[in-house]
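So the chains spell out like this:
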Amino acid sequence: MIIIEIQHSNDGSTAVLHEVVADRNKAEQKYHNTLAYAAVSSVNVHSVVMMDDYGGRVKGETYYHGDMPDAE
């Protein structure tokens, strides 16, 4: 499983972090731990996605904090 964390700041910058976790249960743990951080972060838009090894989306969630950035 692949856990992807996307942090989009109001200044328009975006950071993408990822981790590959072989065990499904450990991947679920990483996903939920990262979501817990995203829920209270100061990043304007903070997303976490769990994907399978073939790029299929398993689950994902996004938290919006503060003003929404302008769409490009």
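Use the structure listed above.
Residues numbered from 1 in each chain as written. Predicted model: local features only at pLDDT ≥ 70, side-chain atom pairs only at ≥ 80, totals over all residues. Heavy atoms only, no water.

## Considering the pattern of salt bridges
- Enumeration according to the criterion identifies three salt bridges in this entry.
- Notably, a salt bridge pairs Glu-28 with Arg-24, separated by 3.0 Å at the nearest N-O pair. Here Arg-24 and Glu-28 lie together in helix H1 (residues 24-39), a separation of four residues that amounts to about one turn.
- By relative accessible area, Arg-24 is classed as partly exposed at 39%.
- Several salt bridges share partner residues, and in doing so they unite Arg-24, Glu-28 and Lys-59 into one network. (Salt bridge = Lys/Arg side-chain N within 4 Å of Asp/Glu carboxyl O. Helix = DSSP H or I, 4+ residues; strand = E, 2+ residues; numbered from the N terminus. Buried < 20%, exposed > 50% of the residue type's maximum accessible area, 1.4 Å probe, protein only.)

## Some words on the environment of Ser-13
- Summarising the element assignment, Ser-13 is placed in the loop between strand E1 (2-8) and strand E2 (14-20).
- Apart from the residues within four sequence positions on either side, Ser-13 is in contact with Gln-7 and His-8.
- There is a polar contact of 2.7 Å between the side chain of Ser-13 and the side chain of Asp-11. (Contact = heavy atoms within 4.5 Å. Polar contact = N/O pair within 3.5 Å; in protein donor to acceptor, adjacent residues only side chain to side chain.)

## Side note on the sheet that holds E1
- Strands sit in the order E2-E1-E3-E4 across an open sheet of four strands; the sheet is antiparallel. In the strand order of this sheet, the two ends are held by E2 and strand E4 (57-64), each with one partner. For this sheet, the mean inter-axis angle between neighbouring strands, taken without regard to orientation, is 10 degrees.
- Inspection of the sheet shows E1 paired to strand E3 (residues 45-51) by seven bridges, in the antiparallel sense. Within E3, the residue paired with His-8 across the bridge is Val-45. (Pairing = 2+ DSSP bridges. Axes fitted to C-alpha atoms, helices over the stretch in contact; angles between N-to-C directions.)

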